[in-house]
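# Structural characterization, general
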Amino acid sequence: MNGPFDPRSHAARADELAGRVIAITGASSGIGRAVALACAQHAAEVVLIGRNTQKLEAVHAEIAARGGPEASIAVLDLEKALARDYDGLAEALLARYGRLDGLLHNAGVLGTLTPIEHYDVPTWCRVLHVNLTAAFALTQVLLPLLKVSRDASVLFTTSNVGRRGRAYWGAYAVSKFGIEGLTQTLAAELETVGTVRVNALNPGRARTRMRRQAFPAEELDSLPLPETLTSPYLALLGPAARGVTGMSFDCQPSR
Ligand code: NAP
């Protein structure tokens, strides 16, 4: 999927994200945690968004221990959050930073691997809500802050199954198809603004809880650690991808 700009071949400078405020959903574990640590390591001020305060505090402490710029924590359960919770987050970010330079939508749930014929409707609604609708709502409420930035990047997380349908991936696959559509639609709408780019990134297989849930019998050692996949995220969230918008990229070569 990668075009002339290939985020995989980017090697970020140590201070590449200096002066940028970057919010990350699902920063508590897996890929989101690894990207949060990498962003802070490259000098970004990171906003750790998630539902589990203890886990977010652990990531916050790790950033501090590594000497990164002070991060902040925003507790937001994407399954349960109401309009006032989104508004509260936007107000808190406005008060603390006055703008937002990056927004990574990484949080996600798998649901179940089940034929559409038998897919549980409440599970369908939950997966579509967390993976797609919440990402839409969060983007909408944070757009005014993103528009203040001189160079803002909205990055959605996609998947192979969001580009080509695969049996039994149900609501998860459909949510990622929705993410691809949201990326293109929002990118087209913001082209005239010029300072807010919108792209999607597929991490590919990674050694995380979600992958384990999808493939319980898989040999874990064969999977890349999230820490090894962060470079394309830094490229797309930072200045390297300025002007790139409406695209869907891959972290790993296709297999
Ligand atoms: P993971 O280890 O299961 O992490 C998922 C993250 O989402 C966790 O931080 C989790 O928080 C958070 N989250 C889930 N429900 C939430 C909610 N209701 N409110 C707030 N946060 C919530 O999965 P991962 O593999 O790192 O996945 C990260 C992204 O990559 C997802 O969008 C996934 O679809 C995508 N992806 C992963 C793979 C792969 O092989 N791993 C492949 C393609 C795409 P808690 O820590 O509190 O549970």
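Our subject is the structure that appears above.
What you are looking at is a predicted structure, and each value in this text was computed from that prediction instead of being measured. (Residues numbered from 1 in each chain as written. Predicted model: local features only at pLDDT ≥ 70, side-chain atom pairs only at ≥ 80, totals over all residues. Heavy atoms only, no water.)

### Observations regarding the environment of Glu227
Checked against the element boundaries, Glu227 lands in the loop between α6 (209-214) and α7 (231-237). With relative accessibility at 43%, the residue Glu227 sits in the partly exposed group. When the C-alpha atoms of Glu227 and Ile22 are compared, they prove to be 18 Å apart, with 205 residues separating the residues in sequence. In this view, Glu227 contacts Arg33 and Ala34; residues no more than four positions away in its chain are not counted. (Helix = DSSP H or I, 4+ residues; strand = E, 2+ residues; numbered from the N terminus. Buried < 20%, exposed > 50% of the residue type's maximum accessible area, 1.4 Å probe, protein only. Contact = heavy atoms within 4.5 Å.)

### Focus on the sheet that holds strand β5 (residues 152-157)
Strand order in this open sheet of 7 strands is β3-β2-β1-β4-β5-β6-β7, and the pairing throughout is parallel. The open sheet has two free edges, formed respectively by β3 (72-75) and β7 (248-250), since each of these has just one partner strand. In this sheet, neighbouring strand axes are inclined to one another by 20° on average, regardless of whether the strands run parallel or antiparallel. Across 6 bridges, the pairing between β5 and strand β6 (residues 196-202) is parallel. Its bridge partner lying in β6, Ala152 is registered against Val196. (Pairing = 2+ DSSP bridges. Axes fitted to C-alpha atoms, helices over the stretch in contact; angles between N-to-C directions.)

### Quick word on unusual backbone geometry
With a phi angle near 80°, Ala43 is a residue other than glycine that sits in the positive phi range. Counting through the fold element by element, Ala43 comes out in the loop between α1 (30-41) and β2 (45-50). Phi at Tyr168 is positive, roughly 80°, even though this residue is not glycine. Considering the arrangement of structural elements, one finds Tyr168 in the loop between β5 and α5 (170-190).

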